[in-house]
Amino acid sequence: MPEIKVTPLGAGQDVGRSCILVSIGGKNVMLDCGMHMGFNDDRRFPDFSYITQNGRLTEFLDCVIVSHFHLDHCGALPYMSEMVGYDGPIYMTHPTKAICPILLEDFRKITVDKKGETNFFTSQMIKDCMKKVTAVNLHQTVQVDDELEIKAYYAGHVLGAAMFQIKVGAESVVYTGDYNMTPDRHLGAAWIDKCRPDIVISESTYATTIRDSKRCRERDFLKKVHETVERGGKVLIPVFALGRAQELCILLETFWERMNLKAPIYFSTGLTEKANHYYKLFITWTNQKIRKTFVQRNMFEFKHIKPFDRSYTDNPGPMVVFATPGMLHAGQSLQIFKKWAGNDKNMVILPGYCVQGTVGYKILNGQRKLEMEGRNTLEVKMQVEYMSFSAHADAKGIMQLIRMAEPRNVLLVHGEAKKMEFLKQKIEQEFSVNCYMPANGETTTITTNPNIPVDISLSLLKRESVPGALPDPKKPRIMHGTLIMKDNSLRLVSSEQALKELGLVEHHLRFTCRVHIQDPHSEQDTLNKIYSHLKTVLKDSSIQHLPDGTLMVESILIKVSTASEDPSTKILLVSWTYQDEELGSYLSTLLRKGLPSS
Amino acid sequence: MAAHLKKRVYEEFSKVVQQQQLEDFPAKRLRLTKPSKSAALHIDLCKATNSTDALQYLVQFARKPVEAESVEGVVRILLEFYYKETDSSVRLKIASLLGVLSKTHGFSPDCIVDDVINTLNNEKSHQVLAQLLDTLLVIGVQLPESQTIRVRLVEVACRHLTDTSFGVRNKCLQLMGFLGTVEKQSSKEMECLPVQDVQKIIGDHFSDQDPRVRTAAIKAMLQLHERGMKLQQNIYSQACKLLTDDYEQVRSAAVQLVWVLSQLYPESIVPIPSSNEEIRLVDDAFGKICHMVNDGSWVVRVQAAKLLGSMQQVSVHFLEQTLDKKLMSDLRRKRTAHERAKELYSSGEFSSGRKWADDAPKEKIDTGAVNLIDSGACGAFVHGLEDEMFEVRIAAVEAVCTLAQASASFAEKCLDFLVDMFNDEIEEVRLQSIHVLRQISKQITLREDQLDTVLAVLEDSSRDIREALHELLCYTNVSTKECIQLALVELLKNLSKYPTDRNSVWKCLKFLGSRHPTLVLPLVPELLSTHPFFDTPEPDMDDPAYIAVLVLVFNAAKSCPTMSALFSDHTFRHYAYLRDSLSHLVPPLRLPGRKLTCVSDLESVASSEESSQQFLQQSLERVYIIQHLEAQGTLELLDFTIRDLKRLGELQPELAGASDFSATYLHCQLLLMKGLQEKLWNISAPLYVKQNAMASAVVQQILEETYKLEFLYSGLENRQVAIIHHVRLQAKALQLVLSARTSRGVEPLLNICEKFLQDVDAFQRCFSTELPHFQESFVEKLLELMPRLVTCNPMDLVKILQTTLRQSGFLHLKLPEQIHKATATIIEPTGESDNPLRFTSGLVVALDIDATLDHVQDPQSSVKVQVVYPDGHAHTIRPKPTDFRNPGPGRHRLITQVYLSHSAWTEPCQIDVQLHLAYNSSKCQINSPKSAWNDSTEVLQATENCIEGSIPLSKPVKVYIMPKPARR
């Protein structure tokens, strides 16, 4: 039996460092190549030595697929391709290819320039790595080699995020990457067709959560901002540069437009400006509203949102500022926070999760006095709000995607083990398919039952599948033909053609049997009796007398002769070809039982 | 056979020629050289050497219509060629032509059924087969009465169901859907034919291997249902299976089928698979369709969401599930934001003191009890309203609306979700949800937190949204006085931000006040800022915000007599002022120490309406006594009646349409009388140039009035239109007579006479059903004399007309049930501004126009804006169709921009802006092609067979503009 093997090198019962190996139909594919944010040592990158003890990866991997530009999905890419060594193809979508190097460069800068690490990949390596990337479009089937093909589906989550179907022959795997089943202000919802893959490898970040409608959260957010601005207060929104930031920008921009508000909105410059540029370009990847209106105005060409300058911090009057980083632990957002924290008219809205130890975490937990460096304390009088805008599918969304794709197996990655356990149980219960949740380095093997395609000649197919009274596609049909396995191909041809091709002479096989029955009448009468008997039993078949005194049932001959020794015993000669074996043997048993007495 | 056919064809050919020679209409003489279709086709096809040529001929042939009498001949020739033809594309074209031909008006296709069926037998090409079946379908649909043919056709379709091509099977199923017998055959001849169980045969094809055939099968089934056949319940399970089909068109059709079945057998019981329970079919179907709201294809989602709205019989339990979504976070139950808001509200603390983790999950959930994929209706609308495609969201909003109208408890529940939709990113969705909320607002009361969300939208920059919201607030019930205050504050904010909303805001406050008098009462001192001990300064009477407050208070005071005790002196003065200036917003109040001038209770209103109705009838009857147009008293009587009716229209807005209509009609009659006055006709023409000019002016005026009568009023019946046309005909006759008198010689008259006779002819054709009502009338006499008129020379014709005109009686006008006059009011610009609109000459300036239109039919195509410059030059502008909004039945709103430009002026000057109703007289005539509207400013422009023009619809508004010379 053919098998599909799946081994997570990262993201197995864990979040971060997504890297999953799939062996399918003799091909090895690496799905995502991410890094772990929580580690600064070797654990940061997936353990590539698992694949090959040392040396280059090229000969072991047929291709690498990157689902989207988040660093936990693409962060290890230059390391793998340039430092470990991989020259094969790398696939990602166009927006991912555009944005990914910006993030990698940023990441490199922070690690090398700020933290002073050595033995890290260089800018040149990022560039070389990106040269190996092939960009794909949505729903475009890319032939990696003769057998392996991949196809991207829209996944929501962030700009350019995609789910990938990997297909070898009849076997296929769908890898979802991160996806979102509910649309947001700038992206649509994930969608996949009923492709019935052998495995769906799905993320499960929110395996145990069912989320409320997004509208309430949006409304709350807008209301808070609006109220503060009307009061003349300043609003600080710490964000990560990409993804949610754009969503919130669009949200505020349209709200400002709708409500005719005048207060300025600023966006801290740098990375985000470049990113916004790409958002403008990849309009086709955004949601319905933006796609429909971009002819009049590209929504990412913000009218109300302007780049931020440090000097604006002290400007009087209301304003809204988006600043990085998102957890208020350093940089511009922290500087602005320090300046504004003392005024109770101001507000800070944390739109995402904050790691323990950061300023964001502290203020969210109600701490009002913060110790800053230099023994200063900072009293926080400004309002602190929390707003969760997450772009992962919740439990319902995951189930919905599985229902859309109708897989034969499900494999969960990118989530916590405990939560996965719950979802696994649910999936097995609701869909009655197997569900797996391997840990890192653990291999899951799934046997598949692939269809074997056979070529059949059209004439044979037509002859054999003449529709009966009812068309019924589900019911298997028996057909007669000869299977020729030659030159690595399978063909089903009619027996005549097979004989011709193989140069064989056709042999006819005929079964004959004699049946003795007791019947005192003349041969002709017996024949008539048999005729009428068969007529009643076999209603559907054609039964006819032949002029030479024989009876023809379909193609079966029945001949009556009188036994030489006993005139009352009649010998029936029944003869049929092997094609009519079924009917023939039935007839012989029927006649053996004798004729009805009347 | 062929020879016979040809002979027949040529016979037809010659016959046609003879017929047409009889006729003497010069316009039709052209046809003389045109041979019969069939003959031409035959010659063409004979000429064709190869199939491409033949195809070309056929394509050309198909472009022209064929007369009913030659269809059969053409069909025979086509069939003859069909059998000869080897190329399947030509056969395909012939087959499609057969279908087109059998649709010819006046041709009964039963004679060609056999031939077409015969062609089916030998056909090998699947495409041609499919086309032939299509032709049969067309034929069958043309012959709805003939049972035998239907049964035969269905039988033919059954035979071809086993075809290997999907196209043929599709057509067969379609044919069965359209022609399958609905009622049991009863007549004797039917019994000998094999009775086909059409439903079963179609049902068998639900599992066809081709999705297109499956779709066709479902569609055929739906077609049967549409035609009145009762579908059997046993196909329900099959239909449910199709809901999980791989192809969207199948699923989409299947959803419809499930819906149809649920409407047919709502109360049947179906088992739930995997358990022993049973539920009602409609509930089961509801659950299944709800499931489809999560489908992968948005087309299906839209379909499902739409259909959900019409499932009224579903149990409340299931209905409420659609808004239910159990939240959880990390396996703990969580409350939705809606629940939290409600709790906050009921605990008495309504503030946004939100902390992190106030949505912290509560109790642990039993892992086994969580159902992630709900088999039932759970959360269907929650998902539908959150869908990524706005089409789905709109469909869901509409469905919620219809369901909420049927169930009060559901209305209560869906409120939160609808209010949430006010923040949708797409304006259409926001607007739709506001409208929906208005429709269900009778059944609900808004909580304060909900009202807060609703009111937040008042700051929207889109005018439509704001006005829809005002409309909503007019109908909203609120529960506390804080709500009223909140609403007032937000409305005043709205007023200061968008001063143009003034009227709409006032109107909104009027309803808010009259709906909640008791809630307004405790707020009055605060609203009017009165103080028990101190006199407060008198507010500015011109402040729109103050007027808004007063409108609210006065309307509340109407049903709350104690309120007036709280008013201060200046409030009473302001009341008197407002009652006069804004009488539509301020109701009459019973104030202490003041006499009520008019007691207008509901009863008196009703009785006064009745009496004016009576008055209208009486005055009309009085006029109808007049038999002869000669008497001196007649003119005076008419004059008085017209004056009375006009005044009545002003006093009673309900009767304005009827009275204006009859007044205008009488005015026409009056004018006609004046034109026909004896004195005029006894004196020879050259001596009385002045009278002639007067008469022709009268004619012109009558014509204008008739166009007003015809196009300005809605609700006219055919009879009134006929009377109007009759008056017009009289006017035209008068015109003819006048021109005969003034012009010398017969030559110029010929054309006019010709035209007049054509008009009479057209009148007879259009209103043949109404002719019995025209006894003793001008037209009746004219029609009697018609044979003579046609042959006589113009001078005789004029004489006849002159006498008939003067002898003809007065036609009684019967008023239709409902008659409304189209009117328009320009709200903006107001025409009061003294500041000229300055712009550089040669460039354009945009002038905002806001107008309401009442009872205008199809305003998108008929209403124009006319701008008249001081030099008399007029310019007509056609607004975009999207500039018209339809806020209620019979009402339209035009909000548009008009671009003005002019060369430089030395002084600012006023231009007139006016709305016009453009009409096209060809609209009411049969078979005359509608010609495009040309932007002419002439009032009447006579073209060959239709008259276009425009009627002023509103009062002109003056706008002060000043084109400045360009600076260099």
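You'll find the structure just up there.
Predicted model only: the values in this text are computed from it and were never measured.

Draft legend 1. Region of interest: the overall build of chain A. On a plain count of helices and strands, chain A comes out with 16 helices and 30 strands. Relative to the globule expectation of 25 Å for 598 residues, the C-alpha radius of gyration of chain A, 37 Å, shows a markedly less compact shape. Counting only C-alpha atoms and orienting by the principal axes, one finds that chain A spans roughly 130 × 55 × 45 Å. In chain A, which comprises 598 residues, the share counted as buried stands at 53%. Considering only contacts in chain A between residues 6 or more positions apart, those separated by 24 or more positions represent 69%.

Draft legend 2. A look at unusual backbone geometry. Residue and element names in this part refer to chain A. Notably, Glu406 is not glycine yet its phi reads approximately 50 degrees, a positive angle. Note that Glu406 resides in the loop between helix H11 (395-405) and strand S20 (409-413). Of note, the phi angle at Asn488 is positive, near 65 degrees, even though the residue is not glycine. With respect to the secondary-structure elements, Asn488 resides in the loop between strand S24 (482-486) and strand S25 (489-493).

Draft legend 3. Molecular detail of the sheet that holds strand S3 (residues 27-31) of chain A. Residue and element names in this part refer to chain A. Within the open sheet, the seven strands sit side by side as S6-S5-S4-S3-S2-S1-S22. Their pairing is mixed. Looking at which strands have only one partner, the edges of the open sheet turn out to be strand S6 (133-136) and strand S22 (444-447). Neighbour-to-neighbour, the strand axes of this sheet turn through a mean angle of 25 degrees, independent of strand direction. One ladder, built from four bridges, connects strand S5 (residues 90-93) with S6; its direction is parallel. Directly across from Ile90, in S6, lies its bridge partner Val133.

Draft legend 4. Quick peek at the environment of B:Ser504. Residues and elements named next belong to chain B. Mapped onto the elements, Ser504 comes out in helix H26 (residues 502-515). Accessibility expressed as a relative area gives 17% for Ser504, which makes it buried. Counting along the chain gives 33 residues from Ser504 to Glu471, while the straight-line C-alpha distance between them is 8.2 Å. Excluding residues within four positions of it along the chain, Ser504 makes contact with Glu467 and His470.

Draft legend 5. The packing of helix H36 (residues 718-742) of chain B against helix H37 (residues 747-766) of chain B, seen in detail. Residues and elements named next belong to chain B. The interhelical angle for the contact between H36 and H37, taken along N-to-C directions, is 165 degrees, at an axis separation of 11 Å. Taken together, the axes of H36 and H37 lie roughly antiparallel to each other. Note that H36 runs across H37; the crossing there is left-handed. Contact residues: Ala722, His725, His726, Leu729, Lys732, Ala733, Leu736, Ser739 and Ala740 in H36; Leu749, Ile752, Cys753, Phe756, Asp759, Val760 and Phe763 in H37. In the contact of H36 with H37, the residues fall into eleven nonpolar, three polar and two charged.

Draft legend 6. Seen up close, H26(B). Residue and element names in this part refer to chain B. The end-to-end C-alpha separation of H26 is 20 Å, in line with the 20 Å expected for 14 residues at 1.5 Å each. Among the residues of H26, Ser504, Val505, Trp506, Cys508, Leu509, Leu512 and Gly513 are the ones counted as buried. Contacts from the buried residues of H26 go to helix H24 (463-475), helix H25 (481-497), helix H27 (517-520) and helix H29 (544-558).

Draft legend 7. Structural context of the side chain of A:Thr111. All names here are of chain A. Here Thr111 is to be found in helix H3 (residues 94-114). The class for Thr111 is buried, based on a relative accessible area of 3%. The contacts of Thr111, once residues within four sequence positions are left out, are Arg44, Gly116, Glu117 and Phe120.

Draft legend 8. Highlighting the sheet that holds strand S10 (residues 171-175) of chain A. Residues and elements named next belong to chain A. Sheet architecture is open: seven strands sit in the order S7-S8-S9-S10-S11-S20-S21, paired in mixed fashion. The outermost strands of the open sheet, each flanked by one partner alone, are strand S7 (141-143) and strand S21 (434-436). This sheet shows a mean twist of 20 degrees between the axes of neighbouring strands, independent of strand direction. As defined by bridge partners, S7 adjoins strand S8 (residues 148-154) across three bridges and the pair is classed as antiparallel. Of the residues in S8, the one forming a bridge with Gln143 is Glu149. The sheet contacts of helix H12 (residues 417-431) involve S20 and S21, and relative to S20 the element is tilted by about 170 degrees.

Draft legend 9. View of the packing of aromatic side chains. Counted by the stated rule, this structure contains 26 aromatic pairs over all chains. The interplanar angle of 55 degrees and the centroid separation of 6.4 Å between the aromatic rings of A:Phe255 and A:Trp256 together place this pair among those described as tilted. The burial state of A:Phe255 is the same as that of A:Trp256; both residues are buried. Consider the rings of B:Tyr707 and B:Tyr919, whose centres lie 4.9 Å apart with planes at 20 degrees: the pair is stacked. Residue B:Tyr707 is located in helix H35 (residues 689-712), and its partner B:Tyr919 is located in strand S16 (residues 909-920); the two are separated by 212 residues in the primary sequence. Since its relative accessible area comes to 2%, B:Tyr707 is described here as buried. Residue class for B:Tyr919 comes out buried when judged on its relative accessible area of 4%. Through successive ring pairs, a cluster of aromatic residues spans A:Phe45, A:Phe48, A:Tyr79, A:Phe107, A:Phe120 and A:Phe121. Residue placement shows B:Arg212 over the ring face of B:Phe166; its charged tip is 3.6 Å from the ring centre. Taking NZ or CZ as reference, B:Lys510 lies 5.5 Å from the ring centre of B:Phe511, over its face.

Draft legend 10. Helix H21 (residues 408-420) of chain B, seen in detail. Residue and element names in this part refer to chain B. With 13 residues, H21 extends 19 Å from end C-alpha to end C-alpha; this agrees with the ideal 18 Å at 1.5 Å per step. Its maximal kink placed at Cys414, H21 deviates by approximately 40 degrees. Looking only at H21, the buried set comprises Phe410, Ala411, Cys414, Leu415, Asp416, Phe417, Leu418, Val419 and Asp420.

Draft legend 11. Representation of the environment of A:Ala11. Residues and elements named next belong to chain A. Note on placement: Ala11 falls in the loop between strand S1 (3-10) and strand S2 (19-24). Along the sequence, Ala11 and His414 sit 403 residues apart, while their C-alpha atoms lie 4.6 Å from each other. Those residues in contact with Ala11, other than ones at most four positions away along the chain, are Gly16, Arg17, Ser18, Val413, His414 and Asn440.

Draft legend 12. Seen up close, the side chain of B:Arg150. Residue and element names in this part refer to chain B. Topologically, Arg150 is positioned in helix H8 (residues 147-159). The exposure class of Arg150 is buried, given its relative accessible area of 11%. Once you skip the residues sitting within four places of it in the chain, Arg150 turns out to touch Gly140, Leu143, Pro144, Phe178, Leu179 and Arg227.

Draft legend 13. View of the pairing of strand S12 (residues 863-868) of chain B. Residues and elements named next belong to chain B. Here S12 lies mainly inside the structure; five of its six residues are buried. Alignment of S12 against S16, held across six bridges, turns out to be antiparallel. Bridge pairing in S16 places Val863 opposite Leu917. Examined bridge by bridge, S12 and strand S13 (residues 874-877) share four bridges and lie antiparallel to one another. Note that in S13 the partner of Val868 across the bridge is Ala874. Counting the residues between successive antiparallel strands, the hairpin from S12 to S13 contains five residues, one of them, Gly872, with a positive phi of roughly 85 degrees.

Draft legend 14. Highlighting a nonpolar patch on the surface. Residue and element names in this part refer to chain A. Nonpolar side chains collect at one region of the surface, where Ile452, Val454, Leu483 and Met485 lie side by side and expose about 420 Å² of accessible area between them. Counting through the fold element by element, Met485 comes out in strand S24. On the accessibility criterion, Met485 (64% relative accessible area) is exposed.

Draft legend 15. Quick look at the pattern of salt bridges. Residue and element names in this part refer to chain A. All chains considered together, the criterion is met by 64 salt bridges over all chains. The partner of Arg297 in a salt bridge is Glu257, and the shortest N-O contact between them spans 3.4 Å. You can see Arg297 sitting in the loop between helix H8 (288-293) and strand S14 (305-307) and its partner Glu257 sitting in helix H6 (residues 244-259), a full 40 residues away along the chain. Given a relative accessible area of 23%, Arg297 falls into the partly exposed group. In this structure, Glu428 engages Lys424 in a salt bridge whose closest nitrogen and oxygen atoms are separated by 3.7 Å. In this pair, Glu428 and Lys424 are both assigned in helix H12, four residues apart and thus about one turn of the helix distant. For Glu428, a relative accessible area of 31% translates into the label partly exposed.

Rules behind the numbers
- Residues numbered from 1 in each chain as written.
- Chains lettered and ligands numbered in written order.
- Predicted model: local features only at pLDDT ≥ 70, side-chain atom pairs only at ≥ 80, totals over all residues.
- Heavy atoms only, no water.
- Helix = DSSP H or I, 4+ residues; strand = E, 2+ residues; numbered from the N terminus.
- Rg over C-alpha atoms; globule rule 2.2 N^0.38 Å.
- Buried < 20%, exposed > 50% of the residue type's maximum accessible area, 1.4 Å probe, protein only.
- Contact = heavy atoms within 4.5 Å.
- Pairing = 2+ DSSP bridges.
- Axes fitted to C-alpha atoms, helices over the stretch in contact; angles between N-to-C directions.
- Parallel < 35°, antiparallel > 145°, perpendicular 65-115°, else oblique.
- Left-handed = near helix turned anticlockwise from the far one by under 90°.
- Nonpolar A, V, L, I, M, F, W, Y, C, P; charged D, E, K, R; others polar.
- Expected span 1.5 Å × (residues − 1).
- Phe/Tyr/Trp six-rings, centres within 6.5 Å; stacked < 30°, edge-to-face > 60°.
- Lys NZ or Arg CZ within 6 Å of the ring centre and 35° of its normal.
- Bend = angle between axes of the 7 residues up to and from the residue.
- Patch = residues over 30% accessible without salt bridge, like charges linked within 9 Å, V, L, I, M, F, W, Y side chains within 5 Å.
- Areas by Shrake-Rupley, 256 points an atom, 1.4 Å probe, with all protein chains shown as cover.
- Salt bridge = Lys/Arg side-chain N within 4 Å of Asp/Glu carboxyl O.

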